[in-house]
Amino acid sequence: MAAVDGRPPTYADPTYQTAHEDVFSAPLSQTIELILPPGVSQDDFSQAIEKVVAVIGKDAVFTGDDLKYYIDPYDIPEAGKTRHIPSAAVCPSSVEEIQAFLKIANEYKIAVWTFSRGKNMGYGGPAPRVPGCIALDLHRMNKVIEVDEKFGYVVVEPGVTFGDLYTFCVDKKLKLWPSTASLGWGSVMGNTLDRGMGFLPTAIHHENIAGLEVVLADGDVVRTGQYAMTKSPSAHLTKLTFGPTIDGLFLQSNLGIVTKMGIYLTQQPQSYMACSFDMPEFDDVATIVDVFGELRRNGTLPLMVYCFHINEWASIFGKRSDWWSGEGSIPEWRIKELQKELDIGCWSAKFGLYGPTNIIEAQYAEVLRVVTEKAPTGRLQRNMFSGEDGGLLEATSVPQPYGGIRVGVPSMWSIPMVNFYNKREDSIGAHGAYSPIVPLDGKVLLDWVKAARKIFETHGFDLLCDFFLQERCAVFVCMLCFDKTSEEQRVNVDRLFHDLFKEGSSRGFAKYRAHINHMDENADLFDFNDHAYRRFVETIKDSLDPNGILSPGKMGIWPKRLRDTGARAV
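All values derive from a computational prediction rather than experimental measurement. (Residues numbered from 1 in each chain as written. Predicted model: local features only at pLDDT ≥ 70, side-chain atom pairs only at ≥ 80, totals over all residues. Heavy atoms only, no water.)

Caption draft 1: Main features of the pairing of strand β13 (residues 305-309). For β13, a buried count of five out of five residues is recorded, marking the element as mostly surrounded by other parts of the structure. What you see with β13 is no split at all: Val305, Cys307 and His309 on one side and Tyr306 and Phe308 on the other are buried throughout. Sheet topology places β13 next to strand β14 (residues 347-355); four bridges connect them, and they run antiparallel. Pairing of Phe308 across the sheet is with Ser348, part of β14. (Buried < 20%, exposed > 50% of the residue type's maximum accessible area, 1.4 Å probe, protein only. Helix = DSSP H or I, 4+ residues; strand = E, 2+ residues; numbered from the N terminus. Pairing = 2+ DSSP bridges.)

Caption draft 2: Here's a closer look at unusual backbone geometry. In this structure, Pro401 follows Gln400 across a cis peptide bond, with omega equal to 10°. Relative to the helices and strands, Pro401 is located in the loop between β15 (379-386) and β16 (429-434). You will see that Asn529, though not glycine, has its phi angle at about 50°, which is positive. Relative to the elements of secondary structure, Asn529 occurs in helix α14 (residues 528-544). By relative accessible area, Asn529 is classed as partly exposed at 47%. Notably, His531 is not glycine yet its phi reads approximately 60°, a positive angle. On the secondary structure map, His531 appears in helix α14.

Caption draft 3: Examining the nonpolar core more closely. Membership of the largest hydrophobic core comes to 119 residues, with the highest contact counts inside it found for Phe292, Phe467 and Leu500. It is strand β19 (residues 473-483) that contributes the most residues to this core, nine residues altogether. Those residues in contact with Phe467 that lie beyond four places of it in its chain are Val285, Val289, Val305, Tyr306, Cys307, Trp347, Leu445, Ala474, Val475 and Phe476. (Core = buried A, V, L, I, M, F, W, Y, C linked by side-chain atoms within 4.5 Å. Contact = heavy atoms within 4.5 Å.)

Caption draft 4: Region of interest: the environment of Asp441. Turning to its location among the elements, Asp441 is positioned in the loop between β17 (437-439) and α11 (442-458). Overall, the relative accessible area of 34% leaves Asp441 in the partly exposed class. For the pair Asp441 and Arg472, spaced 31 residues apart in sequence, the C-alpha to C-alpha distance is 8.2 Å. Not counting chain neighbours up to four residues away, the residues in contact with Asp441 comprise Val289 and Asp290. A distance of 3.0 Å separates a polar side-chain atom of Asp441 from the backbone nitrogen of Val444. (Polar contact = N/O pair within 3.5 Å; in protein donor to acceptor, adjacent residues only side chain to side chain.)

Caption draft 5: Examining helix α10 (residues 357-374) more closely. The terminal C-alpha atoms of α10, which comprises 18 residues, lie 26 Å apart, in line with the 26 Å expected from a rise of 1.5 Å per residue. Buried within α10 are the following residues: Ile360, Gln363, Tyr364, Val367, Val370 and Val371. The buried residues of α10 occupy an angular sector of 130° when the element is viewed end-on, so they sit on one face. Facing away from the buried side of α10, by more than 90 degrees, are the exposed residues Asn358, Thr372 and Glu373. The secondary structure elements touched by the buried residues of α10 are β12 (271-279), α6 (285-297), β14 and β15. (Expected span 1.5 Å × (residues − 1). Arc of directions from axis to C-beta.)

Caption draft 6: Broad picture of the environment of Gly118. With respect to the helices and strands, the residue Gly118 is situated in the loop between β3 (112-115) and β4 (134-137). Separated by 445 residues in the primary sequence, Gly118 and Arg563 have C-alpha atoms spaced 25 Å apart.

Structure representation (structure tokens):
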């Protein structure tokens, strides 16, 4: 499917290409003015672009109106920030082309903003933290370099999407299930490096990295772990290495450009049990947290549990006006009705059990025993799916709502959520997020969610939230959906974010990732010993990237030449 402006399509899959075109099709401002990189003159910029075209080709360099694909489609002008527009976009197809581009960027001290697919929606998408950076778009580097079915890993380039990896595994008839995020258009590498999550046993993606290849600012190439050996049969089999482990330096980082990544997949199981547990009252979230937290820590549930409030579940299946058209937030009596209509509790926990049938049955029996004793007002449900004649289970044989992303089959299933507050035919749904890490203690989390609900309602919104329940903490995602064509909603959702941020920060919470507008605010929270952590990383930054060209300001890490300038204030 060709892109509407004649550019080569960004996605091979027409579903993702159409969604890509749709999300960038209606910016609030059609004007894309030229913003030069910080400290670079027009003459130098023009010379640099000519040189880039000469080394990687005219069809890989974009300027002017073509930059509509490199802005934040959910931008809020009223937030008081300068519009985050790149000066140009460059799409290399190889490590060698990246190196050639970086040589020119260093020569002219042109800052670049690197991303894999640019689908970090709600956090700025592909837009640069500093206006005028050149967008370094890696989506054309889209090969699966290596696969090992026995040991269950693949090596991917930045442009490989969850959809691509799933198709690769199916086409090769691999007995592997790749973990996928909730939207299949995203980059496997991009999501992993930003500490994104999925739903399979390998759901915490960054914990399943095994070996990175990284291009540094000067064009040098480094590999990590056993992959740092020219010939190692263990290159992607373990995180064990010799000397300091440096993989983590390239997560949410501007210290280098990751070009290859080994990542583990889930072995295709004999059986999968789709489980859900729900409870009827708002305060029951404390019980869910304490009961399932204990089950996670003692090994009964070996993988993450996904929890959500009924409002968020309802947003998948209809707009707010479909559920409530009255004044104010959805009242408690209406939420009780929704529980009956949607056959779900006020709070729900969904999790899967994967592996041999008899082991799954034993795990479920223990979960049933515990919740019967400790959460008697809850409802535990199960659906078992097994391979034929004791063989392995085919993911596509699991019907919705039990399969899909929970068996590694990517889709765009949650995208309707952004339309929750749309009121008109020409409304356009958008979203942001406030996503702090919260201790996995029922009382602490209940107290937090009560405060969050009050803040949502103060600004005219309903509580939309979910959280990923790990062993000792929860990644608590406050979804900030809004109609981006409504100035009132844009203003209010921006205020909502800042009030949530203020309340969370007062409790010692920090976001696990941040929108480009909020990276410095979140980074400022890590303040021990006069921000020693930031000073440490900036010392590494200045050593590896003395010209400060790689993604300045990403996650609050600034190069020396821009550290105390107006660029940070933008």
